[in-house]
Amino acid sequence: KDKNINIIDTPGHVDFTVEVERSLKVLDGAVVVFCAVGGVQPQSETVWRQADKYNVPRIAFINKMDRTGANFENVLEGMKSRLGANPLPLQVPIGSEDHFEGIVDLITGKAMIFKEGDKEGGLDITDIPEKVKALASKYRHDLIVKLGEVDEHIMERYVQEKGIYPHEILEVIRKATIAGKVIPVLCGASAKNKGIQPLLDAVTEYLPSPLDLPPVKGVNPDTQEEISRKPDESEKSCALVFKIATDPFVGKLAYTRVYSGKISSGGYIFNATKNVKERIGKIVKMHANKQEIIDVALAGDIVALVGLKKTTTGDTICEEDNPIVLETMHFPEPVISMAIEPKTRADQEKLGMALHRLEEEDPTFRVTYNK
């Protein structure tokens, strides 16, 4: 599709809430994965509230449709009752559990049948099978009614019983999703690569690109007045470091979201939060554990910077003559404490270094020495 998607996969468990928090802060949209058997779980509610806090538009994906006990409608009900969400199913599963064969696309009115055992994720597009026709037509009707509630033009066409084109439906869903009025819902079984292609299409069709979002706001550290930066590479540069990770080969990796302008490898950058100048050794694009070295990162990119010594999570980096400090992240206070001591004197230094490294990587992890 010639689109560049940056994906950050965060754990859903509440113990790793800081991972979710910092990812939501820098991402433009989210795909929330629900289990077709477990439905809306307690940690789903926590993550949902965090996404509400940052006003992140989202899509829901109901996974594990091939597992025993999978129930598509239960998950939709749970989303309404427990999350107070407005789910908008765009697909209906064809069968479930062992008989999960494919999905019906309610917008195009076609069925996608997944080829069994095809690792490439091949699918056949056919007419809707008889057994799900009634269900699909009910869901399609609900889809149009729901869109009519958020868009007058669709409501008018629906009342006058005129046809509505798929491209018009797509536009309305995109607008309503970005505004947070609806949550498009898709389904599949990701372990078998079923339903993933339509999900990636939905990410590019309904979630905002960096250009769809309002300019990022911050304050001038010298005058404290509010300033904003547009997501444009010709703007003054500004970026937020949202995670520090230790790499055995290159040392410290500073994961950074570039909001405006561009950042070049080998150049100097100003850390406006700590008021220090740093040199960027190199810029890498992360592909899971593989790294691809690039020369320049542009507005909208998510990259890792190598060579920053004093920069930590939540710092803003920008140009020295145009400083800006973006709103930093808020991390929950730790709830468990533990006392540890090294066995020997020789271990003391190693332990200190290891703890310091952990402290750099995780903002919710605090170390204090008690003499």
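Here, the structure is the one placed above.
Model, not experiment: these values are computed from the prediction. Here the residue index of a chain counts from 1 through its sequence in written order. pLDDT decides what is reported in this predicted model: residues at 70 or higher carry local features, side-chain atom pairs at 80 or more are listed and counted, and totals for whole chains, interfaces and linings draw on all residues regardless. Only hydrogens and water are set aside when side-chain values are computed; all heavy atoms of the structure are taken into account.

Visitor: Would you mind going over a nonpolar patch on the surface with me for this structure?
Guide: Taken together, Ile5, Ile7 and Leu200 make up a surface patch of nonpolar side chains, about 270 Å² in accessible area. Along the polypeptide, Ile5 turns up in the segment before α1 (17-26). Look at Ile5 and you get partly exposed, because its relative accessible area is 33%. Note that patches include only residues with greater than 30% relative accessible area and no salt bridge, and the join distances are 9 Å for like charges and 5 Å for nonpolar side chains (Val, Leu, Ile, Met, Phe, Trp, Tyr). Here, Shrake-Rupley sampling with a 1.4 Å probe gives the accessible areas, and only protein chains in the shown set may cover a residue. Just to be clear on terms, a salt bridge is a Lys or Arg side-chain nitrogen sitting within 4 Å of an Asp or Glu carboxyl oxygen. Secondary structure elements are defined from DSSP: runs of H or I of at least 4 residues count as helices, runs of E of at least 2 residues count as strands, and each element is numbered from the N terminus. Here's how the labels work: a residue is buried when its accessible area is under 20% of the maximum for its type, exposed when over 50%, partly exposed in between, all with a 1.4 Å probe on protein chains only.

Visitor: Before we go on, may I ask you to explain the pairing of strand β1 (residues 30-35) in this structure?
Guide: For a regular strand, side chains alternate in direction, first toward one face of the sheet and then toward the other. Examined bridge by bridge, β1 and strand β2 (residues 58-63) share six bridges and lie parallel to one another. Counterpart to Phe34 in the pairing with β2 is Ile62. The path from the first strand over the helix to the second decides the hand: if it runs clockwise while the strands point away from the viewer, the crossover is right-handed. Crossover β1 to β2 through helix α2 (residues 42-53) is right-handed. Two strands pair if DSSP finds at least two bridges between them.

Visitor: Would you take a moment to explain unusual backbone geometry for this structure?
Guide: Excluding glycine, a negative phi dihedral is what most residues carry, and trans is how most peptide bonds are arranged. Of note in the backbone geometry, Asn55 takes a positive phi value of approximately 50° without being a glycine. Accessibility expressed as a relative area gives 65% for Asn55, which makes it exposed. One non-glycine residue, Glu97, lies in positive phi territory at about 55°. Tracing the chain through its elements places Glu97 in the loop between β4 (91-94) and β5 (102-105).

Visitor: Explanation requested: the pattern of salt bridges in the structure shown.
Guide: Note that side chains of opposite charge can pair when their charged atoms are close. Within this structure, the stated rule accounts for 20 salt bridges. A salt bridge links Glu327 to Lys25; its shortest N-O distance comes to 3.7 Å. Note that Glu327 is positioned in the loop between β21 (325-326) and α8 (345-361) and Lys25 in helix α1, a separation of 302 residues in sequence. Its relative accessible area of 16% is what places Lys25 among the buried residues. A salt bridge links Lys131 to Glu101, with the shortest nitrogen-to-oxygen separation between them at 2.9 Å. Of the two residues, Lys131 is situated in helix α4 (residues 130-150) and Glu101 in the loop between β4 and β5; the sequence distance between them amounts to 30 residues. Residue class for Lys131 comes out exposed when judged on its relative accessible area of 56%. By relative accessible area, Glu101 is classed as partly exposed at 32%. Within the structure, one salt-bridge network assembled from shared partners comprises Glu19, Arg22 and Lys243.

Visitor: Would you mind showing me how to read the nonpolar core here?
Guide: The nonpolar side chains of a soluble globular protein tend to be buried with one another. We define a nonpolar core as any set of buried Ala, Val, Leu, Ile, Met, Phe, Trp, Tyr and Cys residues linked to one another through side-chain atoms lying within 4.5 Å. Ranked by size, the top nonpolar core spans 53 residues in total, and within it Phe34, Ile62 and Met79 carry the most contacts. The leading source of residues in this core is α4, at six residues. Membership of the second largest hydrophobic core comes to 23 residues, among which are Phe242, Val306, Val325 and Met329.

Visitor: What should I look at first to understand the environment of Ile294 in this one?
Guide: Its place among the elements puts Ile294 in strand β17 (residues 290-294). Separated by 11 residues in sequence, Ile294 and Ile283 place their C-alpha atoms 5.7 Å apart. Not counting residues within four places of it along the chain, the set of residues in contact with Ile294 comprises Ser265, Ile283, Lys285 and Val303. In what follows, residue pairs with any heavy atoms lying within 4.5 Å of each other are defined as contacts.

Visitor: Mind showing me how you'd approach the environment of Phe249 here?
Guide: If you trace the backbone, Phe249 turns up in the loop between β11 (238-247) and β12 (251-260). Through-space distance from the C-alpha of Phe249 to that of Ala202 is 37 Å; in sequence the pair is 47 residues apart.

Visitor: Would you mind showing me how to read the packing of helix α6 (residues 166-178) against helix α7 (residues 196-206) here?
Guide: Where helices are involved, their axes are fitted lines through C-alpha atoms of the stretch in contact, as for all axes, and angles between N-to-C directions lie from 0 to 180°. At a closest axis distance of 9 Å, the pairing of α6 and α7 adopts a crossing angle of 75°. Considering the angle they form, α6 stands roughly perpendicular to α7. Note on element contacts: α7 touches α6 through Thr204, Glu205 and Tyr206, opposite Leu170, Ile173, Arg174, Thr177 and Ile178. Classes in brief: Ala, Val, Leu, Ile, Met, Phe, Trp, Tyr, Cys and Pro nonpolar; Asp, Glu, Lys and Arg charged; the others, Gly included, polar. For the contact of α6 with α7, a count of residues per class yields four nonpolar, two polar and two charged. Roughly parallel here means an angle under 35 degrees, roughly antiparallel means over 145, roughly perpendicular means 65 to 115, and every remaining angle is called oblique.

Visitor: Any chance you could explain the sheet that holds β5 here in plain terms?
Guide: Backbone-to-backbone hydrogen bonds pair the strands of a sheet. The strands run either parallel or antiparallel. What the four strands build is an open sheet, ordered β4-β5-β6-β7; its pairing is antiparallel. A strand with exactly one partner marks an edge of an open sheet, and here the two such strands are β4 and β7 (123-126). Between one strand and the next, the sheet's axes are offset by a mean angle of 25°, whatever the strand orientation. Strand direction decides the pairing type here: β4 and β5, joined by four bridges, are antiparallel. Within β5, the residue paired with Ile94 across the bridge is Gly102. Helix-sheet contacts for α4 involve β4 and β5, and the interaxial angle to β4 is about 165°.

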